[in-house]
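# Fold and contact review
These are the residues of each chain, in order.
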Amino acid sequence: MLSTTMEAALNEQIREEMYSSYLYLAMAAYFEGLDLRGMARWMRVQAQEENSHAMKLFDYVFERGGTVTLKALAEPQATWASPAAAFAAALGHERHITGCIHKLVEQAAAEHDHGTVNFLQWFVKEQVEEEANVEPIARRLEKIGDNMVGLLFTDRELGSRGA
Ligand code: FEO
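All of the points below concern the structure found in this document. All figures in this text were calculated on a predicted structure; none of them were measured in a lab. (Residues numbered from 1 in each chain as written. Predicted model: local features only at pLDDT ≥ 70, side-chain atom pairs only at ≥ 80, totals over all residues. Heavy atoms only, no water.)

### A word on the packing of aromatic side chains
Put simply, the rule reads: Within 6.5 Å between ring centres, the rings of Phe, Tyr and Trp (the latter by its six-membered ring) count as paired, and their orientation is classed by plane angle as stacked under 30 degrees, edge-to-face over 60, tilted in between. The buried label applies to any residue whose accessible area, calculated with a 1.4 Å probe on protein chains only, is under 20% of its type's maximum; exposed applies above 50%, and partly exposed to all values in between. Only DSSP runs of H or I with at least four residues qualify as helices, and only runs of E with at least two residues qualify as strands; both kinds are numbered from the N terminus onward. Working rule: Lys NZ or Arg CZ, within 6 Å of ring centre, within 35 degrees of ring normal, means a charge sits over the ring.
Under the definition given, this model contains eight aromatic pairs. Residues Tyr30 and Phe31 carry aromatic rings whose centres are separated by 5.1 Å and whose planes lie at 55° to one another, so their mutual orientation is tilted. With a relative accessible area of 0%, Phe31 lands in the buried category. Their ring planes at 65° and their centres at 5.5 Å tell us that Tyr30 and Trp80 sit as a pair that is edge-to-face. Residue Tyr30 is located in helix H1 (residues 4-33), and its partner Trp80 is located in the loop between helix H2 (37-63) and helix H3 (83-110); the two are separated by 50 residues in the primary sequence. The same class applies to Tyr30 as to Trp80, namely buried. Ring pairs connect the aromatic residues Tyr30, Phe31, Trp42, Trp80 and Phe87, which therefore count as one cluster. The ring of Trp122 has Lys56 lying over it, and the distance from NZ or CZ to the ring centre is 4.3 Å. Of note, Arg161 hangs over the ring of Trp42, and the distance from its end group to the ring centre comes to 4.4 Å.

Below, the structure written as structure tokens:
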């Protein structure tokens, strides 16, 4: 059985993951508007992944006899100064989520909730991958700036991301 404090913290993380999905969907819409369909696809796939992260938490809360209470999502930003700025914001967001996951692990450990510490290890590993996926794209776009050839080349590459 989850403690009420752990249940509340996991519910908060469901909101964080659903907001992540919403944010990446907003970025997908931004890239669609720029006709950068490959980047839009990359963000769409990312939005779906975030939804699956939320569902993993959702299922775990019930598995431990808890209750899921969904919270309101803030309106995400709709536009960015450039593709590089959008991917830099995505990287900043992933670093924020990594911090959230680490705090959850610390809380679970402090509560001696070993089941939750163990469950969260998947997210600890996933966050290493999430940051490692976005960081090189953000770095490359920073170098490319507004060079159209570089942008289109990167767009084509990112469009091959599988679902
Ligand atoms: Fe669910 Fe991208 O962290």
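### Re the nonpolar core
The cut-off we apply is this: Each nonpolar core is a collection of buried residues, namely Ala, Val, Leu, Ile, Met, Phe, Trp, Tyr and Cys, held together in the definition by side-chain atoms within 4.5 Å. A contact between two residues is defined here by any heavy atoms of the two lying within 4.5 Å.
Grouped together as the largest cluster of nonpolar side chains are 27 residues, with contacts concentrated most on Phe31, Met39, Met43, Phe87 and Leu141. Elements with a contribution of two residues or more to this core: H1, H2, H3, helix H4 (114-144) and helix H5 (148-158). Ranked by residue count, the leading element in this core is H1, at eight residues. If sequence neighbours within four positions are ignored, Met43 has contacts with Tyr24, Met27, Ala28, Phe31, Phe87 and Ala90.

### Regarding the environment of Val61
The topology assignment puts Val61 in helix H2. Distance in space between the C-alpha atoms of Val61 and Thr116 is 9.6 Å, their sequence separation being 55 residues. When near neighbours in sequence (up to four residues on either side) are disregarded, Val61 contacts Leu2, Leu10, Gly66, Thr67 and Val68.

### Observations concerning the packing of H4 against H5
What describes two packed helices is the angle between their axes and the distance between those same axes. As a reminder, the rule being used: Between N-to-C directions, angles cover 0 to 180 degrees, with each direction set by a line fitted to C-alpha atoms, over the stretch in contact for helices. For classification, angles of less than 35 degrees are called roughly parallel, those exceeding 145 degrees roughly antiparallel, those between 65 and 115 degrees roughly perpendicular, and all remaining angles oblique. When the near helix sits turned anticlockwise from the far one by under a right angle, the crossing is termed left-handed; a clockwise turn instead gives a right-handed crossing.
Relative to each other, H4 and H5 sit at 160°, their axes nearing to 10 Å. Of the possible angle classes, the one that applies to H4 and H5 is roughly antiparallel. Crossing of H4 against H5: the hand is left-handed. When H4 is examined against H5, the residues Ile137, Arg140, Leu141 and Ile144 are found in contact with a partner set consisting of Gly150, Leu151, Phe153, Thr154, Glu157 and Leu158.

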